[in-house]
Amino acid sequence: KSEQTQEQQQQQKEEERKYEEERQDKEKIHYEILGVSKDATQAEIKAAYRKLAKKWHPDKHQDDKNFQDEMMKKINEANEILSDPVKRSRYNDSL
């Protein structure tokens, strides 16, 4: 019974590690989504966001609504974090 418990604990630790890795991988891509460097200025982030928001606007992609919605979610999330100095600082600290 104790072996099973240890095995379960080990499995849980492995699942937690994988979850954390996936979370970190997802977070690392905010800069990539907007196409800016980690030291980009607020003006550069704003310009990149506007360019991508215009490119992926719902009116321009009527044919593939699901893909467009997913792209806009990613773009908006990246902009929300990177355009706020406090959120950006926390985000950078987590990288």
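These figures come from a predicted structure and were not determined experimentally.

Quick notes on the rules
- Residues numbered from 1 in each chain as written.
- Predicted model: local features only at pLDDT ≥ 70, side-chain atom pairs only at ≥ 80, totals over all residues.
- Heavy atoms only, no water.
- Helix = DSSP H or I, 4+ residues; strand = E, 2+ residues; numbered from the N terminus.
- Buried < 20%, exposed > 50% of the residue type's maximum accessible area, 1.4 Å probe, protein only.
- Contact = heavy atoms within 4.5 Å.
- Areas by Shrake-Rupley, 256 points an atom, 1.4 Å probe, with all protein chains shown as cover.
- Axes fitted to C-alpha atoms, helices over the stretch in contact; angles between N-to-C directions.
- Parallel < 35°, antiparallel > 145°, perpendicular 65-115°, else oblique.
- Nonpolar A, V, L, I, M, F, W, Y, C, P; charged D, E, K, R; others polar.
- Phe/Tyr/Trp six-rings, centres within 6.5 Å; stacked < 30°, edge-to-face > 60°.

Looking only at helices and strands, one finds five helices and zero strands in the protein. Each helix (α) and strand (β) of the protein, taken in turn from the N terminus, gives the series α-α-α-α-α. Scored against the burial criterion, the 95 residues of the protein give a buried share of 22%. Across the protein, contacts joining residues at least 24 apart in sequence account for 57% of those joining residues at least 6 apart. As displayed, the protein offers around 7500 Å² of accessible surface, 47% of which is attributable to carbon and sulfur atoms.

This next bit is on the packing of helix α4 (residues 65-82) against helix α5 (residues 85-94). Interhelical geometry of α4 versus α5 gives an angle of 100 degrees and a closest axis separation of 6 Å. One way to sum up the angle between α4 and α5 is to call them roughly perpendicular. Where α4 approaches α5, its residues E80, I81 and L82 are matched on the opposing element by K87, R88 and Y91. In terms of residue class, the contact of α4 with α5 is made up of three nonpolar, no polar and three charged.

What the rule picks out here adds up to two aromatic pairs. Ring plane angle 45 degrees and centroid distance 5.6 Å describe the contact between Y31 and Y91, whose orientation is recorded as tilted. Note that Y31 is positioned in helix α2 (residues 30-34) and Y91 in helix α5, a separation of 60 residues in sequence. On the basis of relative accessibility, which here comes to 5%, the residue Y91 falls in the buried class. With a centroid separation of 5.4 Å and an interplanar angle of 70 degrees, the aromatic rings of W56 and F67 are classed as edge-to-face. Remark: F67 occurs in helix α4 and W56 occurs in the loop between α3 (42-55) and α4; sequence separation between them is eleven residues.

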